[in-house]
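Descriptive structure summary
Here is what each chain is made of, one letter per residue.
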Amino acid sequence: MTVEIGVTGATGRMGREVVAAVRDREGCEVAFAINREPDGVTVDGTTVEPAGKIDTLLEEREPDAVVDFTGPASALEYARACAEAETDAPVGFVTGTTGFSDEAFADLEAASESIPLLHAPNFARGVQALVNVVGQAVRNLPGYDVELVETHHNGKRDAPSGTANRLLSEIEANGEFTGRNHGREGEEPREEREIGVHALRAGTITGEHEVVLAGNDEELRLTHRAEDRGVFAAGAVDAATWIAGRKAGRYEFADVIDE
Ligand SMILES: NC(=O)C1=CN([C@@H]2O[C@H](COP(=O)(O)OP(=O)(O)OC[C@H]3O[C@@H](n4cnc5c(N)ncnc54)[C@H](OP(=O)(O)O)[C@@H]3O)[C@@H](O)[C@H]2O)C=CC1
Ligand SMILES: O=C(O)C1=N[C@H](C(=O)O)C[C@H](O)C1
């Protein structure tokens, strides 16, 4: 059976990668590609349709899943469109979009009452392993100072990155920390149990996350470096093929990896 995948934000940095990854994946086809104002653009041979056609495209093409890398407001609109679409089977919604407010994220999750929904701030398999390892390191090194540095290209809008926020939740769940300190300036000595968070934006860097644990005259640095956006696109297509045909509910990328 062919898995039909719709792609939103198709002319963006990630959208282009996802269209290419779907086309290259055996057993998958691009059901449609859309973007805000595509003006007749094609991506990897696929004509990009305007976002206003989403309802029609969902009902005419009946995709198994939609993969979304756009922005928080548009991801929410697309998730709602999938949840409300009159299709024979529920359309799975896979989104890697980051930068949601807590309120917007709760609204996104609400769509999972009627469709299978998977959100991951990072679709690199190595990052999933990093999340696991960081939790263990913090548990093993009580009292060590913890700092997080994330580095991305100069076009990134949100800070800290979605992945950084995910790593911070993991760190906070496993240690006694008083709060996050986003950058330092002037007379600002480190507070004993704070977590320093630093967001660098420069050039075309794909994405790096480093957690530094230091104490006891030693330091441990755990680093993930994405060398190519194709790694995120491949993970998102893995998630889309995995979610196709599943019942409504909220799923994690770890569910895809662990199966
Ligand atoms: N989970 C993961 O593994 C990864 C997540 N990301 C996240 O994915 C998101 C996108 O990143 P990136 O591709 O670099 O960003 P880009 O800005 O390059 O692409 C976003 C695309 O979405 C489009 N878009 C925005 N709003 C709408 C809308 N309302 N309707 C239709 N299209 C819309 C933009 O169109 P326009 O050009 O008109 O603005 C653009 O084409 C970010 O939140 C980023 O953090 C990125 C990489 C990996
Ligand atoms: O915007 C990006 O580029 C990336 N965003 C994600 C995030 O915010 O964590 C994942 C990856 O680091 C690339």
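Residues numbered from 1 in each chain as written. Chains lettered and ligands numbered in written order. Predicted model: local features only at pLDDT ≥ 70, side-chain atom pairs only at ≥ 80, totals over all residues. Heavy atoms only, no water.

Attention now goes to the UniProt feature "active site" (unreviewed entry) in the protein chain. According to UniProt, the feature "active site" (unreviewed entry) maps to His-152 and Lys-156 in the numbering used here. For the largest pocket, the lining residues among the annotations just cited are His-152 and Lys-156. In this fold, His-152 is placed in strand β8 (residues 145-152). We classify His-152 as buried; its relative accessible area is 7%. Sequence-distant contacts of His-152, that is, excluding residues within four places in its chain, are made with Ser-161, Leu-200, Arg-201, Ala-202, Ile-205, Thr-206, Gly-207, Glu-208 and His-209. With respect to the helices and strands, the residue Lys-156 is situated in the loop between β8 and α6 (162-174). If near-sequence neighbours (up to four positions away) are discounted, Lys-156 is found in contact with Arg-13, Thr-98, Ser-161 and Arg-201. (UniProt positions renumbered as here; feature names shortened; annotations may be inferred. 1 Å grid on protein atoms, 1.4 Å probe; cavity = no way out; pocket = protein on both sides within 12 Å on 5 of 7 lines; lining within 4 Å. Helix = DSSP H or I, 4+ residues; strand = E, 2+ residues; numbered from the N terminus. Buried < 20%, exposed > 50% of the residue type's maximum accessible area, 1.4 Å probe, protein only. Contact = heavy atoms within 4.5 Å.)

This part covers the side chain of Ser-112. Note that Ser-112 resides in the loop between α4 (102-110) and β7 (116-119). Residue Ser-112 is classed as buried on the basis of its relative accessible area, which comes to 13%. Only 2.6 Å separates the side chain of Ser-112 from the backbone oxygen of Glu-109, close enough to count as a polar contact. Excluding its chain neighbours within four sequence positions, the residues that come into contact with Ser-112 are Leu-117, Ala-248, Gly-249 and Arg-250. (Polar contact = N/O pair within 3.5 Å; in protein donor to acceptor, adjacent residues only side chain to side chain.)

Further remarks concern the site of ligand 2. The environment of ligand 2 is made up of 13 residues, and the closest members are His-152, His-153, Lys-156, Gly-162 and Thr-163. Contact distances for ligand 2 include 3.4 Å between an oxygen atom and a side-chain N or O atom of Thr-98. At 3.4 Å from an oxygen atom of ligand 2 is found a main-chain nitrogen or oxygen belonging to Pro-121. Its free accessible area being 320 Å², ligand 2 has 86% of it covered by the protein chains. Two domains each provide a minimum of three residues to the shell around ligand 2, namely domain 1 (3-123 + 229-258) and domain 2 (125-226). (Near = heavy atom within 4 Å. Areas by Shrake-Rupley, 256 points an atom, 1.4 Å probe, with all protein chains shown as cover. Domains from an automatic or database assignment.)

This part takes up the confidence of the model for the protein chain. Across the protein chain, the average pLDDT comes to 97, with 100% of residues at 70 or higher. For this predicted complex, the interface confidence score (ipTM) comes to 0.96, while the overall pTM stands at 0.97. (pLDDT = per-residue confidence, 0-100.)

All right, on to the sheet that holds strand β3 (residues 42-43) then. Here eight strands make up an open sheet; going across it, the order is β3-β4-β2-β1-β5-β6-β7-β13 and the pairing mixed. Edge strands, defined here as strands with exactly one partner in the open sheet, are β3 and β13 (249-251). Pairing of β3 with strand β4 (residues 46-50), which is carried by two bridges, proceeds in the antiparallel orientation. Opposite Thr-42, over in β4, you have Thr-47 as the bridge partner. (Pairing = 2+ DSSP bridges.)

Taken together, 23 residues are adjacent to ligand 1, and Met-14, Arg-36, Tyr-78, Thr-98 and Phe-123 come closest. Take Gly-12: an N or O atom from its main chain is 3.2 Å from an oxygen atom of ligand 1. The side chain of Ser-74 places a nitrogen or oxygen atom 3.3 Å from a nitrogen atom of ligand 1. Against a free-state accessible area of 920 Å², the protein chains account for coverage of 82% of ligand 1.

So, about the packing of helix α2 (residues 54-61) against helix α3 (residues 72-84). Working note: a packed helix pair is described by the angle between its axes plus the distance between those axes. Between α2 and α3, whose axes approach to 10 Å, the crossing angle comes to 40°. Looking at the two axes, α2 sits oblique to α3. Pair α2 / α3 crosses with right-handed handedness. Across the interface between the two elements, Ile-54, Asp-55 and Leu-58 from α2 touch Tyr-78, Ala-81 and Cys-82 from α3. Per-class residue counts for the contact of α2 with α3 are five nonpolar, no polar and one charged. (Axes fitted to C-alpha atoms, helices over the stretch in contact; angles between N-to-C directions. Parallel < 35°, antiparallel > 145°, perpendicular 65-115°, else oblique. Left-handed = near helix turned anticlockwise from the far one by under 90°. Nonpolar A, V, L, I, M, F, W, Y, C, P; charged D, E, K, R; others polar.)

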